[in-house]
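Fold and contact review
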Amino acid sequence: MHRYWLIFSQTVTVFLAILFTVTTLRPDWLDFRKQPAIPASVPTATAKIEPAEPPKETVTKAEKTKEPEQLITIITSYAGAVKVAAPSVVNIYTSKNIESPFKNLPDVPALRPFIQEQKENMQMLNNTTSLGSGVIASAEGYILTNYHVVEAADSIEVALTDGRRSNARLIGADPDTDLAVLKIDLPDLVAIHPDNKQLNVGDVVLAIGNPFGVGQTTTMGIISALGRTGLGINTYENFIQTDAAINPGNSGGALINVNGDLIGINTAIYSESEAGGSLGIGFATPAHTALKIMQEIIETGTVSRGWLGIEPQDITSDLAKAFNLDSTKGIIIASLVPNGPAGQAGLLVGDILLGMNDKEIIDTDQMLNEIAGYPPKTLVKFKILRSGKEQDVTVTLGQRPGTTSKK
């Protein structure tokens, strides 16, 4: 019996010695916690880690000294993302023919110098000028840009990063979101890849465009905010806000993530002067919105949106108190379009809209964006407050007037 006990104690001692050695030298062998999964795709942005060099020893007659320890250097690059997206971003040139007001004047010798000077000035105004940027959204040659870039242009020219140029034709536009679709006929076009992942405030983004006509330029920043509305830029707003530098000429360019995927079309900036320099507050139309509008323009020539036919008014604190409301959520119908969808459904001026299809109405911007997302002839059930009593009213949405047709 003593012999068996001696063998057991020796075995336990050896096991504990091995366990102590492994715990001291390789503790990771004993970490049974679940390790994080490796991402399915590696971002195009790369982080290069340069190991520190071992300190060099220098011996002097007086004493042996060591150089200061070198820190590890991490080099982050977004060159891969730019390489992927840059060929899909184009420069857009427009020109407009301006009729000279002096062409029908009689030939008066005393007026000839004045008329000649004015003709030269008109010729300078008629020269082609770089006005913006665009994004090749399909290999068939469809290009997304801002409507204000090509508005009222008589001719449009597109310049690619590989040096090729082509005349472009305007397929259609949607002024309510400041988007336009162009078409060029060139082979071997590189279409940008759209991002389909969730965006987050703080994500690193890159803006590519042609600011001030200096040539294709890339700037970096982060997503500063999502879902920006009420800016007074467009009728329908749902902007991505970024601090990546966006300047005049960037309009219609690409906002991309670190993989080179399109997440937005650069549209506007906040500026305190008419010169429009970047103050770190730029706005981009989300890519999924822009691509949906582009596809509808290509297929039908117009953008169909649901229309309620009312003039809404947000509920202020004073109005909430006057109507004995618990909060300022909801909207008040200030006026009705004659024979509009809301009027035909029985809604009245002064009705308070509280909900829509069992979803709470927050304010005017939110409701208009929701309505615009429905196609015409959609039935929408509203929860309203009338004379202090809640009731439901179903409205058949109409077609929003004022769309731009295909050219």
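Residues numbered from 1 in each chain as written. Predicted model: local features only at pLDDT ≥ 70, side-chain atom pairs only at ≥ 80, totals over all residues. Heavy atoms only, no water.

If you look the protein up in an unreviewed UniProt entry, it shows as Trypsin-like peptidase domain-containing protein from Advenella alkanexedens.

1. As for the overall build of the protein
Just so we agree on the cut-off: Going along the chain from the N terminus, every DSSP run of H or I of four or more residues is numbered as a helix, and every run of E of two or more is numbered as a strand. Between buried and exposed lies partly exposed: a residue is buried under 20% and exposed over 50% of the maximum accessible area for its type, with that area taken using a 1.4 Å probe on protein chains only. Residue contacts follow a heavy-atom distance rule, with two residues in contact if any of their heavy atoms lie within 4.5 Å. Using the Shrake-Rupley algorithm and a 1.4 Å probe, accessible areas are obtained, with residue cover drawn only from the displayed protein chains.
When helices and strands are tallied, the protein shows eight helices and 24 strands. Per-residue burial over the protein gives 35% buried out of 407 residues. Relative to all contacts within the protein whose residues are 6 or more apart in sequence, the contacts with residues 24 or more apart total 61%. Accessible surface, the protein as shown: approximately 24,200 Å² in total, 56% of it carbon and sulfur.

2. Let's talk about the pattern of salt bridges
When the charged atoms of two side chains lie near each other, side chains of opposite charge can form a pair. Filter applied, for reference: Just to be clear on terms, a salt bridge is a Lys or Arg side-chain nitrogen sitting within 4 Å of an Asp or Glu carboxyl oxygen.
Counted under the stated rule, the structure contains 13 salt bridges. The salt bridge involving D195 is made with K197; its shortest N-O contact spans 3.1 Å. Among the residues examined, D195 registers a relative accessible area of 15% and is labelled buried. Under the relative-accessibility criterion, K197 is labelled partly exposed at 47%. Salt-bridge contacts for K359 lead to E370; the nearest nitrogen and oxygen are separated by 2.6 Å. Here the residue K359 occupies a position in strand β21 (residues 359–360), and E370 occupies one in helix α8 (residues 364–372), the gap between them amounting to 11 residues. Since its relative accessible area comes to 45%, K359 is described here as partly exposed.

3. Here's the deal with the packing of aromatic side chains
When we look at a pair of aromatic rings, we describe it by the centre distance and by the angle of the planes. The following threshold applies: Each pair of aromatic rings taken from Phe, Tyr and Trp, with Trp reduced to its six-membered ring, is defined by centres within 6.5 Å and is described as stacked if the planes are under 30 degrees apart, edge-to-face if over 60, and tilted in the remaining cases. For a Lys NZ or an Arg CZ to count as sitting over a ring, it must be within 6 Å of the ring centre and within 35 degrees of the ring normal.
Under the criterion given, the structure shown has one aromatic pair. A cation over a ring is seen here: K183 above Y142, with NZ or CZ 5.4 Å from the ring centre.

4. Looking at helix α5 (residues 287–300)
Applied cut-off: A helix is expected to span 1.5 Å for every residue after the first. Read the arc as the range of directions from the helix axis to the C-beta atoms.
With 14 residues, α5 extends 20 Å from end C-alpha to end C-alpha; this agrees with the ideal 20 Å at 1.5 Å per step. Of all the positions in α5, only A287, A290, I293, M294, I297 and I298 are classed as buried. All buried residues of α5 lie within an arc of 135 degrees about the axis, which places them on one face of the element. Those residues of α5 that are exposed and aimed more than 90 degrees away from the buried face are H288, K292, E299 and T300. Those residues of α5 that are buried are in contact with β7 (142–146), β9 (165–174), β10 (179–183), β15 (262–269) and β16 (282–286). The positive-phi residue at the C-terminal boundary of α5 is G301, with phi of around 85 degrees.

5. Things to note about a nonpolar patch on the surface
Short version of the rule: A patch consists of residues whose relative accessible area exceeds 30% and which take part in no salt bridge; residues with like charges are grouped when within 9 Å of each other, and nonpolar side chains (Val, Leu, Ile, Met, Phe, Trp, Tyr) when within 5 Å.
Residues F15, L16 and L19 make up a contiguous nonpolar surface patch of roughly 290 Å² in combined accessible area. On the secondary structure map, L16 appears in helix α1 (residues 2–25).

6. Comments concerning the side chain of R305
Note the cut-off: Pairs of N or O atoms are called polar contacts if they sit within 3.5 Å, as long as, within protein, a hydrogen donor faces a hydrogen acceptor (for residues adjacent in sequence, only side-chain-to-side-chain pairs).
On the secondary structure map, R305 appears in the loop between α5 and β17 (306–307). On the accessibility criterion, R305 (7% relative accessible area) is buried. A polar atom in the side chain of R305 sits 2.5 Å from the side chain of D174. Not counting residues within four places of it along the chain, the set of residues in contact with R305 comprises D174, D176, T177, Y236, I293, A372, Y374, P376, G398, Q399 and R400.

7. Overview of α8
Among the residues of α8, T364, Q366, M367, I371 and A372 are the ones counted as buried. The elements touched by buried residues of α8 are β17, β18 (310–314), β19 (331–336), β20 (352–356), β21 and β22 (379–386). For α8, the N-terminal cap is D363; the gap from its side-chain oxygen to the backbone nitrogen of D365 is 3.4 Å.

8. Topic: the confidence of the model for the protein
For the record, the criterion: Each residue gets a pLDDT score, which is the predictor's confidence in that residue and runs from 0 to 100.
Taken as a whole, the protein shows an average pLDDT of 80; of its residues, 73% reach a score of 70 or greater. Scored below 50 in pLDDT, residues 32–42 shows one contact in the model against residues more than four places distant or in partner chains.

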